[in-house]
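Reading the structure
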Amino acid sequence: MRKREFIKQSLQFLTLSYLNKAWSSTAIQQTQHADVIIIGAGIAGLSAAKILKKNGLSVIVVEARERLGGRIWTNNALGLPLDLGASWIHGINNNPIKALADQFQIKTISTNYNASQIYRANGNPLTDSEDRLLYKNYDAIYRLLMSVRRKRKLQNLPDISWQQALEQVVNSKQLNDEALAELFFALNTEVEHEYAADLNKLSLFNWDVETSFRGSDHLFPNGYYQIIDGLIKNSGLVAGILTSQVVQTVDYSRTRSVEVTTNQAVFEASAVIVTLPLGVLKANSVEFFPSLPKTKQQAIARLGMGILNKTYLSFPEYFWQQDARTQIINSISAVKGRWAEWLNYYYYTRQPLLLGFNAGHQGLTIEGMSNREIIDDAMLVLSRIYGDNIPSPTAQITTRWGSDPFALGSYSYIATGASVSDYQELAKAVEQRLFFAGEATSVDHPATVHGAFLSGVREANKVLVALGKVS
Ligand SMILES: Cc1cc2nc3c(=O)[nH]c(=O)nc-3n(C[C@H](O)[C@H](O)[C@H](O)COP(=O)(O)OP(=O)(O)OC[C@H]3O[C@@H](n4cnc5c(N)ncnc54)[C@H](O)[C@@H]3O)c2cc1C
């Protein structure tokens, strides 16, 4: 089989044959008992499991996929470890994920967002002064947007979307087409990519409630999964994690126990920690008996689940950026937001790889395209920048997080009309038996790995109190 054909075929099986294939559980007939059941073996579930185990409780983690890590997914299909979910530790100072990386001696590399080059839709590069002007103009609009926000809050007016505020601001400015394209490019890469949502979905009032750790962002040249691996090995969790267990119902109607039914077995515990992604909670694909409290259901409905998709293109040779220290390649694309941001993966791995991002509705559009269409679309942008003679990619991987049944989106955002109290509501325990962790329960750090990790710690400590292990 020719290499290209082989790669194409192997990618069709990508969703079935995961790199991090874990401990496949055999069908279990009888009800399994543990002190605590954790639903989901992402970073939130595993951080909770580690603490509970350390405190002497018996724990079973039930995970729907064959692999562990959830939205941390390092894949080897292109011959080296590539992250299809989270890439970065956002802000390394005092960040618990950086502490784990150090503890497990995992190599990280910082990303310098200023080592970037922006190209116009016709492929011409922006000069340094044009680049500075673009961001100066963006900053000016941003300040106006924030003043619209301040005024609306002072006047007790309701929340509106970023887009609605932007229209007020832009209409008063009379920007020409080029200035508008530059503004939309900056808004897309600075805001829509970060929050995985279109401007017409994001709350003007509350989009940016999170707090950040200081310091630079670091990524893992050998894959984020090393953190998951380290956590599991370090805490002796292996035996307690069951994969291919798709939770279908959670029955917390009895006073002393909760029953979790999967496609394979029934589990019973004194407490359950639910780490289902917001997208899964929104879809109601897991049934709760009795139904979750109305206030929690409303919070689930109000918060948004965003989409950010990644495409890795592998080339026969490195041909882009003369200065290989360039880390970010940007394109002010003809279609707003399409292939606006690329990461020069050569910088991190010395392999001829580019990583393209599409967010919000562009991310969704990508999901409806075939792999061939995605390559052709991406190559249109790249050939405008680097010329028609550039080589075709030999292989590619594209994520489709929005259609992934066990994520149904990439990460949460505060949609228009929602607020930080919705994250708080999501984090509330029900009846001191049902606990909720995961990135969308993190008030300070939603949408991040560290937020999810800390939410697991938070809920494990609550469970220890509820089960009388600590006061
Ligand atoms: C493309 C992308 C890029 C990102 N980039 C970054 C980044 O650079 N830095 C950063 O900090 N964060 C990033 N994030 C966000 C980060 O990955 C998440 O916030 C974090 O991994 C979420 O962890 P979690 O444990 O809350 O959820 P998950 O990791 O989703 O864990 C939940 C688990 O529940 C399982 N599950 C779902 N349904 C069922 C069911 N019915 N039964 C049993 N199990 C079920 C899932 O399979 C999953 O394993 C990114 C996410 C994506 C998708």
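Up top is the structure these notes are about.
Description of the structure in this document. (Residues numbered from 1 in each chain as written. Predicted model: local features only at pLDDT ≥ 70, side-chain atom pairs only at ≥ 80, totals over all residues. Heavy atoms only, no water.)

1. Things to note about the overall build of the chain
Counting secondary structure elements, the chain contains 14 helices and 21 strands. Expected size for 471 residues packed as a compact globule is a radius of gyration near 23 Å; at 23 Å, the chain falls within 12% of this value. Looking at the 471 residues of the chain, the share that counts as buried comes to 57%. At a minimum sequence separation of 6, the contacts of the chain that also span at least 24 residues come to 74%. As presented, the chain carries roughly 20400 Å² of accessible surface, and 49% of it is formed by carbon and sulfur atoms. In the chain, which carries 45 positive and 42 negative side-chain charges, the distance between the mean positions of the two groups comes to 4 Å. (Helix = DSSP H or I, 4+ residues; strand = E, 2+ residues; numbered from the N terminus. Rg over C-alpha atoms; globule rule 2.2 N^0.38 Å. Buried < 20%, exposed > 50% of the residue type's maximum accessible area, 1.4 Å probe, protein only. Contact = heavy atoms within 4.5 Å. Areas by Shrake-Rupley, 256 points an atom, 1.4 Å probe, with all protein chains shown as cover. Lys, Arg positive; Asp, Glu negative; His and termini not counted. Charge placed at Lys NZ, Arg CZ, Asp CG, Glu CD.)

2. Examining the packing of aromatic side chains
Counted under the stated rule, the structure contains 21 aromatic pairs. Aromatic pair Phe 220 and Tyr 224: ring centres 4.3 Å apart, planes at 40°, arrangement tilted. One exposure class covers both Phe 220 and Tyr 224, and it is buried. The structure contains a cluster of three or more aromatic residues connected by ring pairs, namely Tyr 119, Phe 315, Tyr 318, Phe 319, Trp 320, Tyr 346 and Tyr 386. Lys 296 extends its terminal NZ or CZ atom over the ring of Phe 436, reaching a point 3.9 Å from the ring centre. The cationic tip of Lys 336 hangs over the ring face of Phe 184; the distance from NZ or CZ to the ring centre is 5.9 Å. (Phe/Tyr/Trp six-rings, centres within 6.5 Å; stacked < 30°, edge-to-face > 60°. Lys NZ or Arg CZ within 6 Å of the ring centre and 35° of its normal.)

3. A look at the pattern of salt bridges
Enumeration according to the criterion identifies 17 salt bridges in this entry. Its salt-bridge partner being Arg 149, residue Asp 208 comes within 3.0 Å of it at the nearest N-O pair. Linking Asp 208 in the loop between α6 (177-195) and β8 (217-219) with Arg 149 in helix α4 (residues 128-154), this pair joins segments that are 59 residues apart in sequence. Asp 208 gets classed as partly exposed once you look at its relative accessible area, which sits at 25%. The salt bridge partner of Asp 323 is Arg 325, with a shortest N-O separation of 3.1 Å. Among the charged side chains, a network of salt bridges with common partners joins Arg 120, Glu 130 and Glu 182. (Salt bridge = Lys/Arg side-chain N within 4 Å of Asp/Glu carboxyl O.)

4. Remarks on the side chain of Asn 344
Tracing the backbone through its elements, the reader meets Asn 344 in strand β17 (residues 341-344). Reaching out from Asn 344, the side chain makes a polar contact with the side chain of Trp 320 at a distance of 2.8 Å. (Polar contact = N/O pair within 3.5 Å; in protein donor to acceptor, adjacent residues only side chain to side chain.)

5. What to know about the sheet that holds strand β6 (residues 109-111)
Ordered in space as β5-β8-β6, the 3 strands form an open sheet in which the pairing is antiparallel. This sheet does not close on itself; its edge strands, each paired only once, are β5 (88-89) and β6. Relative to β8, β6 runs antiparallel, the two being bridged by 3 bridges. Residue pairing across strands places Ile 109 opposite Leu 219, the latter belonging to β8. (Pairing = 2+ DSSP bridges.)

6. Some words on the nonpolar core
One broad trend across soluble globular proteins is that nonpolar side chains are buried collectively. If you look at the biggest cluster of nonpolar residues, it comprises 42 residues, and the most contacted ones within it are Ile 38, Ile 43, Leu 52, Ile 97, Tyr 224, Ile 227 and Ile 273. For this core, the secondary-structure elements that each account for two or more residues are β1 (32-39), α2 (43-54), β2 (59-62), α3 (96-103), α7 (225-235), β12 (266-274) and α14 (449-466). Per-element tally for this core: the top contributor is α2, with 7 residues. Contacts of Ile 38, omitting those with residues within four sequence positions, involve Gly 45, Ala 48, Ala 49, Leu 52, Val 59, Ile 60, Val 61, Val 62, Ile 273 and Thr 275. (Core = buried A, V, L, I, M, F, W, Y, C linked by side-chain atoms within 4.5 Å.)

7. Notes on the site of the ligand
Inspection of the region around the ligand gives 38 residues, with Glu 63, Arg 65, Arg 71, Trp 88 and Val 449 positioned closest. Between Ala 64 and the ligand, the recorded distance is 3.2 Å, taken from a backbone N or O atom to a nitrogen atom. One of the backbone nitrogen or oxygen atoms of Trp 88 is found 2.8 Å away from an oxygen atom of the ligand. Isolated, the ligand exposes 1000 Å² of accessible area, and the fraction of that covered by the protein chains is 98%. The set of elements that each furnish at least two residues to the shell around the ligand consists of α2 and α14. For the shell around the ligand, a count of residues per class yields 22 nonpolar, 12 polar and 4 charged. (Near = heavy atom within 4 Å. Nonpolar A, V, L, I, M, F, W, Y, C, P; charged D, E, K, R; others polar.)

8. Describing the sheet that holds β17
Read from one edge of the open sheet, 6 strands run β7-β16-β17-β18-β15-β19, paired in mixed fashion. Of all strands in the sheet, those with a lone pairing partner are β7 (116-119) and β19 (395-398), marking the two edges. Mean inter-strand twist for the sheet, computed between neighbouring axes without regard to direction, equals 20°. With 7 bridges connecting them, strand β15 (residues 308-314) and strand β18 (residues 353-359) associate as antiparallel partners. Paired with Thr 311 across the two strands is Gly 356, which belongs to β18. (Axes fitted to C-alpha atoms, helices over the stretch in contact; angles between N-to-C directions.)

9. Section: the pairing of β15
Extensive coverage of β15 is indicated by the burial of 7 of its 7 residues. Residue alternation in β15 divides its side chains into two sets, Leu 308, Lys 310, Tyr 312 and Ser 314 and Asn 309, Thr 311 and Leu 313, and both sets are buried. Both β15 and β19 contribute to a ladder of 4 bridges, which runs antiparallel. In the sheet register, Thr 311 faces β19, and the bridge partner there is Thr 398.

10. Some words on the packing of helix α5 (residues 162-171) against α6
Packing of α5 against α6 leaves a shortest axis separation of 14 Å and a crossing angle of 155°. Here α5 lies roughly antiparallel to α6, going by the angle between them. In this structure, α5 meets α6 at a crossing whose hand is right-handed. For the pair α5 and α6, contact is made by Trp 162, Leu 166 and Val 170 and by Leu 180, Leu 183, Phe 184, Leu 187 and Val 191, respectively. Classifying every residue of the contact of α5 with α6 gives 8 nonpolar, no polar and no charged. (Parallel < 35°, antiparallel > 145°, perpendicular 65-115°, else oblique. Left-handed = near helix turned anticlockwise from the far one by under 90°.)

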